[in-house]
Amino acid sequence: MKRAFAFGDKQLAPVVARVNAIKRVAVIGAGTMGQGIAIDLLQKTDYHVVLLDVLPEALKRAEASLAALWDGQVKGARIRPEDAQLLTSRVTYTQDYDDLGSADIIWEVATERAAIKAKIFEQIEQCADPASIAAVFSNTSSHTTAELAELFSKSAFREKFLTVHGYFPFESNRLLDVMKGKYASRDTYALGVVFGDQILEKTVIALPHDLHGYVTDPIFQGMGAIVSWDIHTADDLMHLGGLWEMFTANPFTVLDQTGHMPYTESSRHLGQALPTDNRLRSLYERNGKYYPDYIEKLEKNGDTGVNSARRLGFFSWSEGPRSKPECVYDAASGSYVPMNEISRSAYWSIFEAAQNDGRDGKIKSADSLLFVARADDEGGKAFRRYVLPICLYALDVIQDGLATAGQINVSTRAGLRFKVGLIELIDHMIGEMTIDGLLDLARRAQEENADDEYMLDMLDVDGQRGPRKGKPCLLHDLKKRNVTHLLGYGSNYKTPVAEWSITSRQYEGFYPELKFYAPSAKDRVASIVFNCPMRGNVFNKAAIDQLNHAYHRVLDLHQRGLCGGVLFSAAGTGMRMLGADAREFNHGWFERSKGYVPLQGDQARQSSQCAVDLFRMIQTSPVASIGVFGEKWGGGAEFTYYLDLRYDVRQEGLAFDTLDRQMVYGPKATYNQPELDYAILPGFGAAGELKRLGFGDSIAFEVFDQGMTADRAYQVGLSNGVFDEELDALHRGYERARLMAKDAPYSRALFKKQMARGIDDTALADETAAVFDPHENPYVSIGLLALLDRGGRVPKMNYQTSGIPLPGWTYPDSAGGMADGGPRDA
């Protein structure tokens, strides 16, 4: 959204107000990251952006890059020419630090070198007023917040300083790190989190304590560093770097796209600054070197990737905007040679694992990774040598209390785009091999690398040697506590919905695609926000599992009298809500050459049944519900039909007029059911729910065949409120939920029971008798006092329902939406 909302958190309200007062953001550094941040800010906010760089040619490149982007969006009919002009007018390109004086946030993304950062921070102190500025951010891949905060001479700036770090490409990568350190105030830290979460619409990994490189960068940096020392030929770079393609991309391909400087500077700093107990420390300091000679040679030659003068790096790159690797660097000869495929005979397990996935309709699955991990070929040995130390490092981070299992998993999935999160892989290995089996796998790797002291240290699991000497791996503690998985998995599709807490020793909700805001004691309103805006907040399998788990938390809170209403909404500009994930309509990964590969009948049936069962539970539960959304498509629209009330935000934009054959700007439909256009039917019950809501065939056909704007939906009664501004809609929706939450549980449950059935006059008379009977409805004695004793002080209602039968409703069992019935959190 362009502005933030507190979701009933009164302590957060002042921070939200400060975020909503931001008008101007300055970005120092006009390179790849600076441009990405500027693009993101311009597209998601109304801010004015100041882009500063000391090099005029860097500013010219940035200006040309942004102009080309807006021009492409105009040609692609995504924006109008006047929109492009407005975007262009909201950027100031400058070399003058005095232009930062009126900025609300200053974001340094110029360099990884501390000495240069110090000079930049000195300039910031001269031009900015710490009393009026909201925060100063620095994008860094290796420094801690405290290390950089100490470069400021004034404590007032240290209190306003955070490290805030995004991932390439910034404007289309979900992940954002926000790290507090020991100097930043709590309000500054909260502002950084809210800004990243609600304004930039990112998945924020919020770290209150310093960790070199946050969660993600040490893993990505380690993926490259751990194989870099063993690369001597072009084939090594393809084979060993290519090992990571089982998870995501070859890290050396990514480094060529981002430039080598962040990697080399981070390696240098990590080699000097990592704590002595960091398992991966030896990756960054070997015989006085922070990285191998061939990487240093490339850097000295200026061959640092696709954006370098010669378009050379670890690969040579083709010309044009969609540049691709053409040849690979051969460290032995110093030349570029043709790229050879990974040897099928030496690395047969990798190829067989891919074939198994294709046969089973899976994509880079945990099963295939485990298959390679156990194999006796070069693929298996490489997996154990290079992947296992990274897994053990992740366990160390959890053990040391620096990050949680959920944060590590979502960081690898969202930031590094792993198909299987790193903690999911560890859980799968434990599930198939047991903890003892995984420990033995690491010891097997030690035996295979007995002549490599560095590798022996990194593979230690028993606390016998290396940086972790005296600290046996977390696996030993998990075994002692009979914990067999670090994540909790959903009851429908077994995707992650919770994380095991090292402090509480219980599973606590953790949702990669949702945000859950617990109710305050006063308002008793929980909020559930769909939080994958870059993909339109699709209802994929993961979202169904997470929503199921989150709503079980709502029901648990309701049973304890702590929650009476729930507000549903969607993150992202326009509060867009899509339906089922089209990628899950195909059996396995869609390939154009194969065409549509149909789902099996039971798979299609499950996709409908799991969603409808969940939606029906929300619909019939005694908890009041309201949805606040913008554009809704397919299953996203269907979901709202199950809610008690629907509030809509008007939408405008470009749409194709099929009669005039041109793009036209105007109101857009907020209720869209396009399934018939794709030769399918709405699997979440649209036809039946529209009829249940009282709409005849004409209205149903209108929704399906032409869509319905917010105003039209309000006119016919499908929408209960229409708003121009997202923030206004949230305020009104939350307030309505707060008022609805005051309803006595028995009455609301009985009302919902009546709404769910046909006309039955006899039952209505019986239920009326029951609702006035305190033995049946214990809430009536207090509820009626508000009518009977107008001048008296009415006692507070006790909303808890434990031991009180509610009509038409039975609380689910204690599984809480988790597959194994583990404890759920409130």
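Predicted model, so just to flag it, every value in this text is computed and none were measured.

## Some details on the pairing of strand β1 (residues 24-28)
Now for step 1: The element β1 is extensively covered by neighbouring structure, given that 4 of its 5 residues are classed as buried.
Now for step 2: Where β1 and strand β2 (residues 48-52) come together, 5 bridges link them in parallel fashion. Paired with Val-25 across the bridge in β2 is Val-49.
Now for step 3: After leaving β1, the chain enters helix α2 (residues 32-44) and then returns to the sheet as β2, a path that is right-handed.
Now for step 4: As defined by bridge partners, β1 adjoins strand β4 (residues 105-108) across 4 bridges and the pair is classed as parallel. Its bridge partner being in β4, Val-27 is matched across the sheet by Trp-107.

## A few points about empty space enclosed by the protein
Now for step 1: Counting across every chain of the model gives 6 cavities of 30 Å³ or more.
Now for step 2: Taken as a whole, the largest cavity holds about 90 Å³ of empty space.
Now for step 3: Breaking the lining of the largest cavity down by element, the ones donating at least two residues are α8 (186-199) and β17 (565-570).
Now for step 4: Its residues placed into classes, the lining of the largest cavity shows 7 nonpolar, 3 polar and 3 charged.
Now for step 5: When residues of the lining of the largest cavity are sorted by domain, at least three fall in each of domain 1 (13-207) and domain 3 (496-740).

## Focus on the nonpolar core
Now for step 1: Judged by nonpolar contacts, the single largest core of 147 residues is most densely connected at Met-429, Ile-528, Phe-530, Leu-547, Tyr-551, Phe-568 and Phe-639.
Now for step 2: Listed in part, the 47 residues of the second largest apolar core include Leu-51, Ile-105, Val-164 and Leu-176.

## Section: unusual backbone geometry
The phi angle of most residues is negative, glycine excepted, and most peptide bonds adopt the trans form.
Now for step 1: Going from Phe-168 to Pro-169, the amide bond is cis rather than trans, its omega being -15°.
Now for step 2: Structurally, Pro-169 is set in the loop between β6 (161-166) and β7 (175-179).
Now for step 3: Of note, Asn-537 is a non-glycine position whose phi angle comes to about 55°, a positive value.
Now for step 4: Among the secondary structure elements, Asn-537 is positioned in the loop between β16 (525-530) and α21 (541-559).

## With respect to the pattern of salt bridges
Now for step 1: Under the defined criterion, the tally for this structure stands at 56 salt bridges.
Now for step 2: Glu-265 is the partner of Arg-268 in a salt bridge, and the nearest nitrogen-oxygen pair spans 2.8 Å. Here Arg-268 pairs with Glu-265, and both are found in helix α12 (residues 261-273), just 3 residues apart, close to one helical turn.
Now for step 3: Residue class for Glu-265 comes out buried when judged on its relative accessible area of 10%.

## Concerning the layout of surface pockets
Where empty space is left becomes clear once a probe the size of a water molecule has been rolled over the atoms.
Now for step 1: Volume-wise, the second largest pocket comes out at about 990 Å³.
Now for step 2: Lining the second largest pocket are 32 residues; nearest its centre among them are Val-193, Asp-197, Val-204, Lys-515 and Phe-516.
Now for step 3: Those elements that place two or more of their residues in the lining of the second largest pocket are α8, β8 (203-207), α17 (405-415) and β15 (514-517).
Now for step 4: Of the residues belonging to the lining of the second largest pocket, the class tally is 17 nonpolar, 8 polar and 7 charged.

What counts and how
Residues numbered from 1 in each chain as written. Predicted model: local features only at pLDDT ≥ 70, side-chain atom pairs only at ≥ 80, totals over all residues. Heavy atoms only, no water. Buried < 20%, exposed > 50% of the residue type's maximum accessible area, 1.4 Å probe, protein only. Helix = DSSP H or I, 4+ residues; strand = E, 2+ residues; numbered from the N terminus. Pairing = 2+ DSSP bridges. Right-handed = clockwise from strand over helix to strand, strands pointing away. 1 Å grid on protein atoms, 1.4 Å probe; cavity = no way out; pocket = protein on both sides within 12 Å on 5 of 7 lines; lining within 4 Å. Points joined across faces, edges and corners; volume = space filled by probe spheres on them. Nonpolar A, V, L, I, M, F, W, Y, C, P; charged D, E, K, R; others polar. Domains from an automatic or database assignment. Core = buried A, V, L, I, M, F, W, Y, C linked by side-chain atoms within 4.5 Å. Salt bridge = Lys/Arg side-chain N within 4 Å of Asp/Glu carboxyl O.

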